[in-house]
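Analysis of the macromolecular model
Here's the letter readout for the chains.
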Amino acid sequence: MEFTVKAKKFKKALARAMKAADTSKPLLPEYALASVEAVKNSIRITCHDGVTVAVVGFAGSDLTVNDENGPFAISATWLAAALDKADGLEVTVSSPKEIADGQSGRVTLTYGKTVLHAPAFNVTEPSLAMPSEDKKVSAGFEPEELKTAIESVSWTAAKNDAQRPVISGVQIECNPESGARPAAAATDSHVVAAYVMRKATGKGDFKAVLPMKSAMLLQAVLEENDGTAIDAESDGAYAVFSDPGKWVVRTALLNGKYPNWRKLLESSAPGDEAPVMGREALLDAVRSAALCAEEVRGVVTVDFDGESKEAEVTAVDEAQQRESSAKLTYAGETPQAPFATKGKWIADALGKMNCGRIVLGLEGAAIVVQPDADEADACGARMIRSRLKI
């Protein structure tokens, strides 16, 4: 195989594919390799770690494929380093026409007057299964919404939960027939973050709990999507997301029953007269107070004054004998009692939202923060957290 392309373009596609590789301490040598092949005047790069597979392709007028024969696998880190050195230049990559099983060949990478060589191996198809035909459910997502959804919720997924590994991932669901909007959700069992998307297509109940690495890979490849719809298929054990002809992400899914986050949010949903306030104003107040309370777990108290229609956000650092407070105006009903919560989660939640005003749900023992219903068709991140006793 032989082709010539701008190093920057090759490096960009390789970087996206490498998010699926395991280049640090791979369990198997093939997990640290990048497979490169020419398909119909385009180049396709494949990386995987046994759980996640990324297939990223590129084409264009700045790519010339002289010979499609001889796909090869090569050290992903070596190839990335070589392309770094050639940044801004054209590179020519050539490999033997065929590499026998168990044997190695040599790949040559040329740019300017520099010629680099590296061992190459035969390409093997990743063994990760595909969704079974008799069980798979299909869906279609808008790329920008799917990317935003993953980005908005992934921060709250559990980092290490040996008892319930399913909550260390991101759930993506779509069931237009049920009347519920498509959404992505994540939780650490204390905080639930959900992003409700405006629309998606499909038939049946599509649900997939992606491992965090797969979710981050999918978010990365969606960054540069040109707006075409994303195809998705899942059978509950494996899932495939793709922009046909450009990239494919295949992944095994996390097993286990995912928490019913919709029920949690609905049980504490804000009423029609719930307090409404500016998102940035509340975020600034919480951040200021949380810094003061850093040494006492960052707990902040929010108290509402019905006469002045002002909410006061306060934190006390008893060790340093100091107090911080900030006030902001609100509309709607005045809650009967103040509430206390950790400042970090609510600051993270507000920081992920993209709206001017938020509404608070303070029913029962939970706090719900979501965009005001009058904004952006009420789409956006929705968070819940158990409140602390005052």
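Keep in mind that this is a model prediction, so the values were computed, not measured. (Residues numbered from 1 in each chain as written. Predicted model: local features only at pLDDT ≥ 70, side-chain atom pairs only at ≥ 80, totals over all residues. Heavy atoms only, no water.)

**Regarding the overall build of the chain**
The condition is simple: Helix numbering and strand numbering both begin at the N terminus, where a helix is a DSSP run of H or I of at least 4 residues and a strand a DSSP run of E of at least 2. Buried means the residue's accessible area, taken with a 1.4 Å probe over protein chains only, is under 20% of the maximum for its type, while exposed means over 50%, and partly exposed covers the values in between. Whether two residues touch is decided by their heavy atoms; if any such pair falls within 4.5 Å, the residues are in contact. We count Lys and Arg on the positive side and Asp and Glu on the negative side, and we leave His and both chain ends out. A charge is said to be at NZ when it belongs to Lys, at CZ for Arg, at CG for Asp and at CD for Glu.
Looking only at helices and strands, the chain features seven helices and 26 strands. For the chain, the spread of C-alpha atoms along the principal axes amounts to about 80 × 50 × 40 Å. The proportion of buried residues among the 390 residues of the chain is 50%. In the chain, the share of contacts with a sequence separation of at least 24, taken over all contacts with a separation of at least 6, comes to 67%. Side chains of the chain give 44 positive and 54 negative charges; the mean places of these two sets differ by 3 Å.

**Side note on the nonpolar core**
How we decide: For our purposes a nonpolar core is just a set of buried Ala, Val, Leu, Ile, Met, Phe, Trp, Tyr and Cys residues, chained together by side-chain atoms within 4.5 Å.
Formed by 112 residues in total, the largest nonpolar core has its most connected members in Phe141, Ile172 and Phe241. Apart from residues no more than four positions distant in its own chain, phenylalanine 141 is found in contact with Leu146, Ile172, Glu173, Cys174, Pro182, Met197, Ala200, Phe206, Ala229, Ile230, Ala232 and Phe241.

**Structural notes on the packing of aromatic side chains**
Going by this rule: The aromatic pairing rule takes the rings of Phe, Tyr and Trp, using the six-membered ring of Trp, and pairs them if the centres are within 6.5 Å, calling planes under 30 degrees apart stacked, those over 60 edge-to-face and the rest tilted.
All chains considered together, the criterion is met by six aromatic pairs. Here the aromatic rings of phenylalanine 304 and tyrosine 330 are separated by 5.2 Å at their centres, their planes lie at 85 degrees, and the arrangement is edge-to-face. Of the two residues, phenylalanine 304 is situated in strand E20 (residues 299-305) and tyrosine 330 in the loop between strand E22 (322-329) and strand E23 (339-342); the sequence distance between them amounts to 26 residues. On the numbers, 6.3 Å between centres and 35 degrees between planes, the contact of phenylalanine 304 with phenylalanine 339 is tilted. Residue phenylalanine 304 is located in strand E20, and its partner phenylalanine 339 is located in strand E23; the two are separated by 35 residues in the primary sequence. For phenylalanine 339, a relative accessible area of 2% corresponds to the buried category. Grouping aromatic residues by their ring pairs yields a cluster made of Phe3, Phe10 and Phe58.

**Let's talk about unusual backbone geometry**
Phi angles above zero are rare outside glycine, and lysine 40 is one such case at about 50 degrees. Tracing the sequence through the fold places lysine 40 in the loop between strand E2 (33-38) and strand E3 (43-48).

**Some remarks on the pattern of salt bridges**
Our working definition: Salt bridges are defined by distance alone: a side-chain nitrogen of Lys or Arg within 4 Å of a carboxyl oxygen of Asp or Glu.
Taken as a whole and judged by the stated rule, the model has 15 salt bridges. For arginine 44, the salt bridge goes to glutamate 37, with nearest N and O atoms at 3.3 Å. What emerges from the salt-bridge pattern is a single network uniting Lys11, Asp84 and Asp87.

**Section: the packing of helix H1 (residues 7-18) against helix H2 (residues 76-85)**
For clarity, the cut-off: Fitting a line to C-alpha atoms yields each axis, with helices limited to the stretch in contact; the angle taken between N-to-C directions then spans 0 to 180 degrees. To sort the angles, those under 35 degrees are grouped as roughly parallel, those over 145 as roughly antiparallel, those from 65 to 115 as roughly perpendicular, and the leftovers as oblique. Note on convention: near helix rotated counterclockwise from far helix by under a right angle means a left-handed crossing. Clockwise means right-handed. Under the scheme applied here, ten amino acids are nonpolar (Ala, Val, Leu, Ile, Met, Phe, Trp, Tyr, Cys and Pro), four are charged (Asp, Glu, Lys and Arg), and all others, including Gly, are polar.
In contact at an axis separation of 9 Å, H1 and H2 are set at 150 degrees when each is read in the N-to-C sense. Taken together, H1 and H2 sit at an angle that is classed as roughly antiparallel. As for how H1 packs across H2, the hand of that crossing is left-handed. Residue-level inspection shows Ala7, Phe10, Lys11, Leu14 and Met18 of H1 in contact with H2, the latter providing Ala76, Thr77, Leu79, Ala80, Leu83 and Asp84. The residue inventory of the contact of H1 with H2, partitioned by class, reads eight nonpolar, one polar and two charged.

**Some remarks on the environment of isoleucine 230**
Position of isoleucine 230 among the secondary structure elements: in strand E16 (residues 230-234). Classification of isoleucine 230 as buried rests on a relative accessible area of 0%. Excluding its chain neighbours within four sequence positions, the residues that come into contact with isoleucine 230 are Ala139, Gly140, Phe141, Pro143, Leu146, Leu222, Asn225, Phe241, Ser242, Asp243 and Trp247.

**Observations concerning the side chain of threonine 187**
Our working definition: We define a polar contact as two N or O atoms separated by no more than 3.5 Å, with the added condition that, inside protein, one atom must be a possible hydrogen donor and the other a possible acceptor, whereas residues neighbouring each other in sequence contribute only through side-chain atom pairs.
On the secondary structure map, threonine 187 appears in strand E12 (residues 183-187). Engagement of the side chain of threonine 187 in a polar contact is seen with the backbone nitrogen of serine 189, the distance being 2.9 Å. Here the side chain of threonine 187 touches valine 191 through a polar contact of 2.9 Å, landing on its backbone oxygen. Ignoring sequence-local partners within four residues, the contact set of threonine 187 consists of Thr156, Ala157, Ala158, Ile167, Val192, Tyr258 and Pro259.

**Some points on the confidence of the model for the chain**
Counted only if it meets this: Confidence scores per residue from the predictor, reported as pLDDT, run from 0 to 100.
When the pLDDT values of the chain are averaged, the result is 86; 91% of them are 70 or greater. Mean pLDDT across the elements of the chain bottoms out in strand E26 (residues 380-386) (65) and peaks in H2 (96).

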